[in-house]
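Tertiary structure, described
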Amino acid sequence: MNTLCTAPDDRLPPPCRPEAEVLHHQLQALQGCLDWSDVTRMAAPWVQAVRDNPPPFWAMESLLKEYPISSAEGLALMRLAEALLRVPDAETAIALTADQLGRADFDGSADATLARLSSTAIAMSKRFLPDAGQEAGLMARLGARTVVGATVRAVQLLGRQFVLGQTIGEALDTAAGQRRRQAGLRFSYDMLGEGARTDADALRYGQAYAEALAAIARRSDPAAGPAAQDGISIKLSALHPRYEHAQHERVMAELVPRVWVLCEQAAAAGLNLTIDAEEVDRLELSLSVFEALAERVARHCPAWHGLGLALQAYQTRAVDLIAEVAAIARRHRLRFMCRLVKGAYWDAEIKRAQELGLSGYPVFTRKHHTDVSYLACARALLDAADVIHPQFATHNAGTIAAIIQMARARGAAFELQRLHGMGEGVYREVLRDPAITCRVYAPVGAHRDLLAYLVRRLLENGANSSFVHQLADAQVRIDDLLESPLAAASLTAAEPSPLPLPQNLYGAARLNSAGLDLSVARVRAGLSDAWGRCQVPVVPEAPADAAPQAVARAVAAFAAWSRRPVSERAQILRRAADALQQQMPELCALLVREAGKTWGDGVAEVREAIDFLRYYAAEAETLMAPRHLDGPTGESNVLRLHGRGAWVCISPWNFPLAIFVGQVAAALVTGNTVLAKPAEQTPGIARVAVDLLLAAGVPADVLQLLHGPGETIGAALVAQPAVAGVVFTGSTPVAKLIQRALAAKDGPIVPLIAETGGINAMLVDSTALPEQVADAVVQSAFRSAGQRCSALRVLCVHEAVADAVIAMVDGAARELVLGDPARLATDVGPVIDDEAAQGIRQHLLRLGQEGQVRRGGAGEGRFIPPQLIEVTDLSRITHEIFGPVLQVVRWSGDPAQVVASINALGFGLTLGLQTRIDSRAQALAAQARVGNVYVNRNMIGAVVGVQPFGGEGLSGTGPKAGGPNYLPRFCAEQTVTINTTAAGGNVQLFAG
């Protein structure tokens with residue numbers, strides 16, 4: 001069975017085509033299509049009228065003018081809007097408000113907008129709020145609560161400007177009032193919330209959608225038809241907790257019926273239902289769901305034309321997507337509604353492409369390129385008006401005028417859309433033409449839930465280059481505001497992106513490793529082919545008595561290898577990196593087969609190995625260059641580093657390629673010879689890695705592979721007198737055995753680099769967004785079946801939010817797929833062997849006997865489901881359980897005490913902090929005795945050269961792997977001092 005290609009082949013081109021190529025085609029498509037001078041003549045009076053007569057409350061426009069997102073005040077408002085209303089406890093609310101307002105200056109503003117935002121109360125905060133981290137007296141505390149209350153009211157007021165209603169009934173009443181002031185308005189109600197993390201969340205969102213449709217239907221006229229009616233917008237990720245490409249079969253089986261129930265309800269009432277856009281990696285999946293729904297519409301309600309899809313113009317595949325949607329409509333003889341938006345995940349898409357090492361970006365990297373794409377998409381939609389009812393969501397006056405021009409030239413019907421609370425001034429002027437219709441995209445829901453959405457809108461529209469931002473700025477000339485994006489794009493179309501391509505993320509020093517996008521069918525097919533060819537090499541065990549001879553060979557080879565120029569050694573590493581890159585599918589398949597990795601983890605590990613090779617090559621060339629040190633005249637002082645000799649590299653099974661290659665590469669490039677002892681469970685991967693390094697130019701005696709049990713061949717290697725150093729990754733007890741063995745030997749003091757495990761914790765306070773916490777916890781605790789040194793072992797969550805957070809994490813963990821790692825849908829594969837499984841179950845039995853609350857199940861064989869165990873106190877956690885086991889502790893009071901308790905455990909590898917209080921994050925990070933602190937993200941996947949990895953205390957000796965201090969530990973230092981005046985004086989001094 002082909003376990004990687006269960007989803008259909010891609011319908012669209014690859015997501016990361018060259019931006020210049022796509023833009024060229026779009027500019028060609030728009031040639032002769034627009035007269036921009038007429039666009040400017042139409043739009044300029046709208047802009048002038050808005051500036052001369054602004055709306056009573058300018059909402060976004062005025063707010064962004066007074067407090068740009070780039071300012072301390074704008075950032076403070078954004079952070080408070082995003083988090084304050086969801087904080088249930090007064091102490092944390094005070095700390096958050098003090099933290100954010102303490103760095104801003106709201107004094108002196110006289111703008112009416114800001115008066116309505118209670119800016120006077122906000123400005124008073126510095127006088128009343130206690131300084132972060134300091135005790136406050138009773139009066140100061142009472143003052144703090146007063147100011148927090150005022151700030152809460154200010155944020156609620158801000159929320160009312162952008163949320164139509166906290167319930168659908170309230171929203172419908174507000175909409176009715178707006179219609180009385182401006183006839184003809186239509187509404188699309190967006191029952192907003194984050195994507196579902198649990199099935200309970202998904203069912204709750206589905207019920208909210210159904211109730212909204214019922215409420216809208218009670219006030220609608222079915223005879224008017226969907227295009228003239230109100231409707232709703234839904235997020236597919238809100239209706240299924242695993243709306244991901246890897247879960248294609250499950251999504252089609254479970255999600256499509258849920259959405260179809262809503263479609264039937266909308267069709268019966270004559271309403272419209274639009275599926276919102278999601279991230280790029282979900283686009284093909286969204287198309288599959290959309291066509292499945294179209295097939296049902298064609299069979300059961302072909303006269304209904306209310307099914308809609310939102311399209312993102314910032315995607316480089318946007319025009320191709322429109323063509324595919326039109327083709328689906330024609331195949332099924334239907335008519336769809338399509339809403340064209342710019343797109344709301346731009347920064348996330350950029351980051352994802354960089355993190356995955358993709359060949360390019362799936363979105364345009366210049367704003368005016370997206371503007372051109374929007375116009376090209378508008379033309380494509382208007383050209384398909386026989387099967388698509390175009391809806392254009394924009395607040396840009398120039399774009400609106402261009403759409404009107406193109407539509408009138410074709411005689412095509414269309415609809416304009418704006419966000420509630422934005423663009424009201426421009427649309428007041430545009431809608432003076434009775435032939436133009438407008439729909440308001442209206443968020444509905446509790447302010448505490450929806451203001452995270454508001455922050456995304458603030459970021460999207462708050463850039464200095466955005467039309468919304470510049471509209472309110474009278475300093476910006478109207479001609480400049482309405483400048484043609486086509487003219488601007490024609491000047492930059494052939495220029496390099498302002499952002500470095502993902503492969504050039506690290507500058508000229510080294511290439512970023514290229515990843516594989518598993519959402520692309522062609523990529524999955526390549527991995528599937530590699531899986532079919534994969535065979536694990538057979539590696540014979542080396543007997544313990546092989547150690548002396550192997551070490552002797554390594555010692556003999558050291559002199560010649562250490563004398564080779566560092567540039568040659570570095571180039572060998574780069575050749576090996578290129579070889580790993582070329583063989584990535586085969587190496588991923590080997591990791592899945594021998595180590596039980598999932599495909600995603602396999603890709604990440606091959607990339608890490610490549611990054612180690614390239615990073616250490618670049619670091620060594622800098623580090624090992626002679627360094628001239630300043631001194632007295634007539635003297636030369638030069639510092640040089642050189643290798644120490646033969647190193648023993650002992651690597652673990654949980655990263656059998658990345659850590660193995662990282663250790664070996666560091667030793668080799670610094671001029672040492674290597675005796676590599678891989679984990680007993682994964683010798684085949686080590687054999688392939690060594691063969692690649694030998695093929696790249698490493699001599700056979702310089703790098704020797706010795707496979708066998710640690711207590712035989714490993715111990716024998718460590719005991720050899722001629723060994724110059726040992727690097728080890730594994731358990732703390734084994735590291736101590738090695739430490740004692742080295743200390744007991746006669747002769748030189750041998751350095752040990754040890755990276756061991758950790759009881760890694762994550763501290764969550766009540767300002768954290770629960771959905772982000774759940775994502776970070778599930779990834780950190782259960783990815784790789786919890787078999788990572790950095791994996792989350794203890795979740796410390798504030799008691800005020802503990803019930804909700806634990807329930808969400810538990811529900812999200814239950815949605816993970818446990819099974820064969822060769823299946824793309826698998827999230828949690830097996831633990832490494834039967835011994836490991838037995839050890840984990842013994843820990844679980846012990847915890848159960850201690851009366852601790854446990855969620856999960858025993859599982860079978862080497863498959864252990866994710867486990868959640870509630871513990872009363874941190875001090876009761878004494879062991880690292882190396883598997884998918886997460887212990888949970890509730891806390892209250894001072895978070896510094898929690899970090900002190902974490903420090904007292906003695907381990908010091910990784911710590912996660914989930915908080916919106918910046919000063920708290922900084923203070924707790926400084927207090928923590930750990931090697932890696934991660935704030936508001938997951939705790940795994942340290943990137944070479946970006947997040948150097950390693951710990952202290954029981955978690956290792958340092959230095960940190962993949963960092964600038966790692967290679968010197970493999971080196972000895974020598975300073976050569978020459979008295980240059982010995983032969984008669986300092987000629988240079990006399991010459992000066």
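It should be noted that the structure appears before, not after, this text.
Thresholds applied
- Residues numbered from 1 in each chain as written.
- Predicted model: local features only at pLDDT ≥ 70, side-chain atom pairs only at ≥ 80, totals over all residues.
- Heavy atoms only, no water.
- Phe/Tyr/Trp six-rings, centres within 6.5 Å; stacked < 30°, edge-to-face > 60°.
- Helix = DSSP H or I, 4+ residues; strand = E, 2+ residues; numbered from the N terminus.
- Buried < 20%, exposed > 50% of the residue type's maximum accessible area, 1.4 Å probe, protein only.
- Lys NZ or Arg CZ within 6 Å of the ring centre and 35° of its normal.
- Contact = heavy atoms within 4.5 Å.
- Pairing = 2+ DSSP bridges.
- Axes fitted to C-alpha atoms, helices over the stretch in contact; angles between N-to-C directions.
- Disulfide = S-S within 2.5 Å.
- Expected span 1.5 Å × (residues − 1).
- Core = buried A, V, L, I, M, F, W, Y, C linked by side-chain atoms within 4.5 Å.
- Patch = residues over 30% accessible without salt bridge, like charges linked within 9 Å, V, L, I, M, F, W, Y side chains within 5 Å.
- Areas by Shrake-Rupley, 256 points an atom, 1.4 Å probe, with all protein chains shown as cover.
- Salt bridge = Lys/Arg side-chain N within 4 Å of Asp/Glu carboxyl O.
- Lys, Arg positive; Asp, Glu negative; His and termini not counted.
- Charge placed at Lys NZ, Arg CZ, Asp CG, Glu CD.
- Right-handed = clockwise from strand over helix to strand, strands pointing away.

A short note on the packing of aromatic side chains
The final tally for this structure, using the stated rule, is 10 aromatic pairs. Both rings, one in Phe 612 and one in Tyr 616, keep their centres 5.5 Å apart while their planes meet at 20 degrees; by these two values the pair is stacked. In this pair, Phe 612 and Tyr 616 both sit in helix 28 (residues 599-623), 4 residues apart, roughly one turn of the helix. An identical accessibility class is assigned to Phe 612 and Tyr 616; each is buried. Arranged with centres 5.7 Å apart and planes meeting at 85 degrees, the rings of Trp 653 and Phe 882 form a pair that is edge-to-face. Of the two residues, Trp 653 sits in the loop between strand 11 (646-650) and helix 29 (658-669) while Phe 882 sits in the loop between strand 19 (867-870) and strand 20 (885-891), which places them 229 residues apart along the sequence. Judged by its relative accessible area of 19%, Trp 653 falls in the buried class. For Phe 882, a relative accessible area of 23% puts it in the partly exposed group. Taken together, the ring pairs in this structure connect Phe 612, Tyr 615, Tyr 616, Trp 647, Tyr 966 and Phe 970 into an aromatic cluster. Above the plane of the ring of Tyr 205 lies Arg 204, whose end atom (NZ or CZ) is 5.0 Å from the centre. Its end group placed over the ring of Trp 531, Arg 593 keeps NZ or CZ at 3.9 Å from the ring centre.

Overview of the environment of Val 440
For Val 440, the position within the fold is in strand 8 (residues 438-444). Val 440 gets classed as buried once you look at its relative accessible area, which sits at 0%. Val 440 sits 501 residues away from Gly 941 along the chain, and the two C-alpha atoms are 42 Å apart. Leave out the neighbours within four places in its chain, and Val 440 touches Leu 185, Arg 186, Phe 187, Ser 188, Arg 418, Leu 419 and His 420.

Some details on the sheet that holds strand 22 (residues 910-914)
Across the sheet, which stays open at both edges, the 7 strands sit in the order 18-19-20-17-16-22-23 with mixed pairing between neighbours. A single partner strand is all that each edge strand has here, and the edge strands are strand 18 (853-855) and strand 23 (932-935). Here the average twist between neighbouring strands, direction ignored, is 20 degrees. Where strand 16 (residues 760-764) lies against strand 22, 4 bridges are found, and the strand directions are parallel. Bridge assignment links Val 764 to a residue of strand 22, and that residue is Gln 914.

Remarks on the state of the cysteines
A complete count under the given rule lists 0 disulfides for this structure. In this structure Cys 789 is a free cysteine whose sulfur lies 16 Å from that of Cys 649, the closest cysteine sulfur available.

Side note on helix 14 (residues 283-300)
In this model, helix 14 (18 residues) spans 26 Å end to end at C-alpha, consistent with the 26 Å of a helix rising 1.5 Å per residue. Taking burial as the measure, the 18 residues of helix 14 include 13 buried ones, the bulk of the element.

Some points on the environment of Ala 791
With respect to the helices and strands, the residue Ala 791 is situated in the loop between helix 33 (770-782) and strand 17 (792-798). When its relative accessible area of 0% is taken as the criterion, Ala 791 is described as buried. Sequence separation between Ala 791 and Gln 417 is 374 residues, and the spatial gap between their C-alpha atoms is 46 Å.

Comments concerning the nonpolar core
Grouped together as the largest cluster of nonpolar side chains are 118 residues, with contacts concentrated most on Tyr 189, Ile 234, Leu 273, Val 325 and Phe 392. With 10 residues, helix 13 (residues 248-269) is the single largest residue contributor to this core. Not counting the four nearest positions on each side in its chain, Leu 273 is found in contact with Leu 213, Ile 232, Ile 234, Leu 262, Cys 263, Ala 266, Trp 304, Gly 306, Leu 307 and Gly 308. Of all hydrophobic cores here, the second largest spans 75 residues; its members include Leu 527, Ala 557, Ala 595 and Leu 641.

Focus: the sheet that holds strand 15 (residues 752-755)
Spatial strand order, 13-12-11-14-15: 5 strands in an open sheet with parallel pairing. The open sheet has two free edges, formed respectively by strand 13 (703-705) and strand 15, since each of these has just one partner strand. The mean angle between the axes of side-by-side strands here comes to 15 degrees, regardless of whether they run parallel or antiparallel. Here 3 bridges tie strand 12 (residues 673-677) to strand 13, and the two strands are oriented parallel to one another. Looking at strand 13, one finds that Leu 675 is bridged to Gln 704. Sitting on the sheet, helix 25 (residues 547-563) is in contact with strand 11, strand 12, strand 13 and strand 14 (723-729), with an inclination near 145 degrees to strand 12.

Observations concerning a negative patch on the surface
Residues Glu 541, Glu 680, Glu 711 and Glu 835 make up a contiguous surface patch of negative charge. Structurally, Glu 835 is set in helix 35 (residues 834-849). Since its relative accessible area comes to 65%, Glu 835 is described here as exposed.

Overview of the pattern of salt bridges
The full count for this structure, using the stated rule, is 58 salt bridges. Between Arg 574 and Glu 621 there is a salt bridge, and its shortest N-O distance comes to 2.9 Å. Of this pair, Arg 574 sits in helix 26 (residues 566-582) while Glu 621 sits in helix 28; the two residues are 47 residues apart in sequence, bridging distant segments of the chain. Among the salt bridges present, the one from Glu 870 reaches Arg 890, with a minimum N-O distance of 3.3 Å. Remark: Arg 890 occurs in strand 20 and Glu 870 occurs in strand 19; sequence separation between them is 20 residues. Glu 870 gets classed as buried once you look at its relative accessible area, which sits at 17%. On the basis of relative accessibility, which here comes to 38%, the residue Arg 890 falls in the partly exposed class. A single network of salt bridges, built from pairs that share partners, joins Asp 803, Asp 810, Arg 814, Arg 855, Glu 870 and Arg 890.

Description of the pairing of strand 4 (residues 307-312)
When you tally the buried positions in strand 4, you get 6 out of 6 residues, the bulk of the element. Of the two faces of strand 4, both are covered, the one formed by Leu 307, Leu 309 and Leu 311 as well as the one formed by Gly 308, Ala 310 and Gln 312. As defined by bridge partners, strand 3 (residues 272-275) adjoins strand 4 across 3 bridges and the pair is classed as parallel. Note on strand 4: the bridge partner recorded for Ile 275 is Leu 309. As a crossover connection, the stretch from strand 3 through helix 14 into strand 4 is right-handed. As for the winding sense of the linkage, the β-α-β connection from strand 4 through helix 15 (residues 318-332) to strand 5 (residues 336-341) is right-handed.

Some points on unusual backbone geometry
The omega torsion of the bond from Gly 958 to Pro 959 falls at -5 degrees, within 30 degrees of zero and hence cis. Tracing the backbone shows Pro 959 in the loop between strand 24 (952-953) and strand 25 (971-979). For Arg 333, which is not glycine, the phi torsion reads 55 degrees and is therefore positive. By the secondary structure assignment, Arg 333 is in the loop between helix 15 and strand 5. We classify Arg 333 as exposed; its relative accessible area is 77%. At Ser 784, a residue that is not glycine, the phi angle is positive and equals roughly 60 degrees. Its location among the elements puts Ser 784 in the loop between helix 33 and strand 17. Classification of Ser 784 by relative accessible area gives buried; the value is 12%.

Remarks on the environment of Ser 288
Mapped onto the secondary structure, Ser 288 falls in helix 14. Take Ser 288: its relative accessible area is 8%, and that puts it in the buried class. Residues Ser 288 and Gly 950 lie 662 residues apart in sequence; the distance between their C-alpha atoms is 44 Å. Beyond its immediate stretch of four places on either side in the chain, Ser 288 contacts Pro 8, Arg 11, His 248 and Met 252.

Interpretation note: all reported values are geometric properties and have no functional meaning in isolation.
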